[in-house]
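Letter by letter, the chains look like this.
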Amino acid sequence: MNKCCAVTLPAKMQDVNIQNYINGEWVAPTSGAYLKNYNPATGMEIAPIPDSKSADIDNAVRAAKSAFPMWSNMPGVERATILNCIADLIDQNCAALATFESQDQGKTVASAAAIDIPKCAEYFRQFAKYVTEGIRETESSMKLVCTTSSINKMVPSSQRATTQHVASGVAALITPWNFPLLMVCEKLAPCIAVGNTCVVKPTELTSVTSYLLTHILNAAGVPKGVVNIVFGSGVNAGEPLVKHRDVRLVSFTGGSVTGAKVGALAGGLFKRVSLELGGKCPSLVFSDCDLEHAITTHVRGAYQNQGEVCLSASRQYVQRDIYEKFLDGFRKQVCQEVCVGDPANPKTFYGPVVTKQHMEKVTSYIRLAQEEGAKVEFLVNPNDPAVMNVSADGRLTIEGLEGGYFIAPTLITGIKQSSRVMQEEIFGPVVCVAPFDTEEEGVQLANDTQYGLGASVWTEDQKKLERVMRQINSGSVWGNNWLAWDDCMPFGGMGCSGTSREHGPWSLEFYTETKVL
């Protein structure tokens, strides 16, 4: 444990006063304006968010640019010491961070404490190790033709050449609301590990833990200007950041529509861009699979984190001869084990969706499925005393949390492949399950999408498994599993799911420029 590591975070949400963090100081937005913020479990207002504008972005980028020469020239082992201190502080404050994350985003405290917050610390340690060991460079022997005393007299020669990875400059890191702190740390750790400075623009919908992170960064000894965190909307803060002339690279995670705009803005200015966007992830469940394992994993894949996961198993195709058996098992397990309610309750599987507006979006797809004649089931345990009411479009009224944005675990069958419900990312606790007959039909259905982020294939036939996995057009394809994660492997999508790859060595490549010497 580093002696430098000590920080005091607010004890409760009422004590949180979110301010921009620019050049090592907490400052109010230049406009003096703030955005309303709500606890999704109660619908009550919590810590307001700075409504930052171009002037705030200018100040943050200026600070990052000024800090870049010092930070990029600091020995990697010294940067690694600071990253390890950040990780230690995150671990020390795991319980508090998980509670604040839950109150701001809606995810359960249990999942935030078990997954999100520990993973944040893990990212900083991972890249501290990478930068301590050094980036593996490539060496080669170049064949040259050089001149002697006359330009007409050329003789063959050779020269050793090597690559050199150098920090790019000021990075813009723009993050989503479904895994707020985790996604900030996933980008921030490799970015600053290799010597870049940055401006982080978290989503305005879930900014609390990013603000708390500023106190951790400060306590860990991150020099002024290396990390600047500016809060606000995409239009007022995100767009000026992407367009800023002194920003050299942009890493964005979010929806595909917004990602297309970010890509166009940044690409037109010749910035390096990484886009991790939406998904409508298919699974193919063959009749020779381990059915019990498949059902359990598909329940988790459909409803974990309220279905607010870009890799959510939202399109499930099941071979016809086990289709009804799969559905029976799926319904039974959801009704028995998926408890929706208070995210602070350790027995809760998932909590409310992030905002009232998002609840309206998700339930609009449920109503569309009903209008199209699909079978829509709300898989709520009838003996759950906390559920006071289930509306016609799946909204739940939870006792004691009547103002919260809760949606029932929703199962849709009998839906057309061409339906918007089957084709568009819903990003909520809604899953479509449909039958298929042959391997060829299953592959065709899985690939019938504009997205290509993740997929899974389920069969005990190893040859079939490998054959089908290779045919699925997705950046990640799992065999007999879902969301099996290895941070040393690349992550990214195809099609409308994004461009580039990050994680592990691929993050090191993205956040550096490669020179040949």
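Now for a quick tour of the structure. A quick note: this is a predicted structure, and the numbers were derived from the prediction, not measured.

### Regarding the environment of G351
- By secondary structure assignment, the location of G351 is in the loop between α10 (320-337) and α11 (356-371).
- The exposure class of G351 is buried, given its relative accessible area of 0%.
- C-alpha of G351 to C-alpha of S102: the two residues are 249 residues apart in sequence and 8.7 Å apart in space.
- Among residues more than four places away in sequence, those in contact with G351 are G106, T108, Q306, V340, G341 and F406.

### What about the pattern of salt bridges?
- As enumerated under the stated definition, the model contains 22 salt bridges in all.
- Of the charged contacts in the structure, one is a salt bridge between D51 and K53, with a shortest N-O distance of 3.2 Å.
- Residues R420 and E424 are paired through a salt bridge, measuring 3.0 Å at the closest nitrogen-oxygen approach.
- Taking the relative accessible area as the measure of exposure, E424 reaches 24% and is therefore partly exposed.
- A single salt-bridge network, built from bridges that share partners, covers D328, R331, K375 and E377.

### Examining the packing of aromatic side chains
- In total, this model carries nine aromatic pairs according to the counting rule given.
- Centroid distance F127 to Y130: 5.4 Å. Interplanar angle 45°. Geometry classified as tilted. Of this pair, F127 and Y130 are both found in helix α4 (residues 109-133), three residues apart, which corresponds to roughly one turn of the helix. Taken as a pair, F127 and Y130 share a single burial class, namely buried.

### Examining helix α5 (residues 180-193)
- Taking 1.5 Å per residue, 14 residues should reach 20 Å; α5 reaches 20 Å between its end C-alpha atoms and fits that length.
- Here α5 lies mainly inside the structure; 14 of its 14 residues are buried.
- G195 occupies a position one or two residues after α5 and carries a positive phi of about 110°.

### A word on the sheet that holds strand β15 (residues 387-390)
- Across the sheet, which stays open at both edges, the three strands sit in the order β15-β16-β17 with antiparallel pairing between neighbours. Whereas interior strands pair on both sides, the edge strands pair on one side only; in this sheet they are β15 and β17 (401-407). When strand polarity is set aside, the average angle formed by the axes of neighbouring strands in this sheet is 30°.
- Two strands pair when backbone bridges link them, and β15 and strand β16 (residues 395-398) are joined in this way by three bridges, in the antiparallel orientation. Along β16, the bridge assignment pairs V387 with I398.
- Sheet strands in contact with α11 are β16 and β17, and its direction is about 50° off that of β17.

### Examining the pairing of strand β8 (residues 197-201)
- Among the five residues of β8, five are classified as buried, and the element is accordingly described as predominantly covered.
- Of the two faces of β8, the one holding T197, V199 and K201 and the one holding C198 and V200 are both buried throughout.
- In terms of strand pairing, strand β7 (residues 170-174) meets β8 through five bridges, oriented parallel. The residue of β8 that forms the bridge with I174 is K201.
- Between the parallel pair β7 and β8, the chain is carried across by α5, and the sense of this crossover is right-handed.
- Pairing geometry for β8 and strand β9 (residues 227-229), over three bridges, is parallel. Residue pairing in the sheet places V199 in a bridge with N228 of β9.
- The handedness of the β8 to β9 crossover, carried by helix α6 (residues 208-219), is right-handed.

### Structural notes on the packing of helix α2 (residues 76-92) against α6
- Contact geometry of α2 with α6 gives a least axis separation of 9 Å together with a crossing angle of 130°. Regarding the angle of α2 to α6, the classification is oblique. Regarding α2 and α6, the two cross each other, and that crossing is right-handed. Residues I86, L89 and I90 of α2 touch α6, and the partners they reach there are L213, I216, L217 and A219.
- Here the contact of α2 with α6 is composed, by residue class, of seven nonpolar, no polar and no charged.

### Section: α6
- With twelve residues, α6 should reach 16 Å at 1.5 Å per residue; the first-to-last C-alpha distance of 18 Å fits that figure.
- Two residues or fewer after α6 comes G221, characterised by a positive phi angle close to 90°.

### Re the side chain of N305
- Tracing the chain through its elements places N305 in the loop between α9 (291-303) and β13 (315-319).
- Look past the residues within four positions of N305 in its chain and what remains in contact with it is Q105, K107, N178 and F179.

### Quick word on empty space enclosed by the protein
- Counted according to the given criterion, the structure contains four cavities of 30 Å³ or more.
- Roughly 80 Å³ of internal volume is contained in the largest cavity.
- Around the largest cavity, the lining is made up of 14 residues, and of these E186, S274, E276, F491 and E502 lie nearest the centre.
- Elements that contribute at least two residues to the lining of the largest cavity include exactly α5 and β11 (272-276).
- If you trace the second largest cavity, you find 13 residues lining it, with S312, S314, E425, I426 and F427 closest to the centre.

### What about the sheet that holds strand β14 (residues 375-378)?
- Across the sheet, which stays open at both edges, the seven strands sit in the order β14-β18-β19-β13-β12-β20-β21 with mixed pairing between neighbours. The strands lining the two open edges of the sheet, one partner per strand, are β14 and β21 (476-479). Averaged over all pairs of adjacent strands, the angle between their axes in this sheet comes to 20°, without regard to strand direction.
- In this sheet, strand β18 (residues 410-413) lies alongside β14 in antiparallel orientation, the contact comprising four bridges. Bridge pairing links K375 to T413 in β18.
- Along the sheet face, α9 touches β12 (282-285), β13, β18, β19 (430-436) and β20 (454-458) and points at about 165° away from the line of β20.

Conventions and cut-offs
- Here the residue numbers are simple positions, counted from 1 along each chain's written sequence.
- Whole-chain, interface and lining totals are the exception, using all residues; otherwise, since this is a predicted model, local features are given only for residues with pLDDT of at least 70 and side-chain atom pairs are given and counted only at 80 or more.
- To get the side-chain values, all heavy atoms of the structure are used, and hydrogens and water are removed first.
- Going along the chain from the N terminus, every DSSP run of H or I of four or more residues is numbered as a helix, and every run of E of two or more is numbered as a strand.
- Each residue is assigned to one of three classes by its accessible area relative to the maximum for its type, calculated with a 1.4 Å probe on protein chains only: buried under 20%, partly exposed between the two thresholds, exposed over 50%.
- The contact criterion used throughout is that any non-hydrogen atoms of two residues lie within 4.5 Å.
- Salt bridges are identified by distance alone: a Lys or Arg side-chain nitrogen within 4 Å of an Asp or Glu carboxyl oxygen.
- Aromatic contacts are taken between Phe, Tyr and Trp rings whose centres are within 6.5 Å, Trp giving its six-membered ring; a plane angle under 30 degrees counts as stacked, one over 60 as edge-to-face, and the others as tilted.
- A helix is expected to span 1.5 Å multiplied by its residue count minus one.
- The pairing criterion is simple: DSSP has to find at least two bridges between the two strands.
- The convention used is that axes are lines fitted to C-alpha atoms, helices contributing only their stretch in contact, and that angles between N-to-C directions extend from 0 to 180 degrees.
- Crossover handedness is defined by viewing with both strands directed away from the observer: a clockwise path from the first strand over the helix to the second marks the crossover as right-handed.
- The labels follow the angle: roughly parallel below 35 degrees, roughly antiparallel above 145, roughly perpendicular from 65 to 115, and oblique for the rest.
- A crossing counts as left-handed when the near helix is turned anticlockwise from the far one by less than a right angle, and as right-handed when that turn is clockwise.
- Note on residue categories: nonpolar means Ala, Val, Leu, Ile, Met, Phe, Trp, Tyr, Cys or Pro, charged means Asp, Glu, Lys or Arg, and polar means any other residue, Gly included.
- In this analysis the probe radius is 1.4 Å and the grid spacing 1 Å, with only protein atoms considered; a cavity is a set of points the probe fits into but cannot get out of, a pocket is an open set with protein on both sides within 12 Å along at least five of seven lines, and lining residues have an atom within 4 Å of a point.
- Grid points are joined across faces, edges and corners, and a volume is the space filled by probe spheres set on the points.

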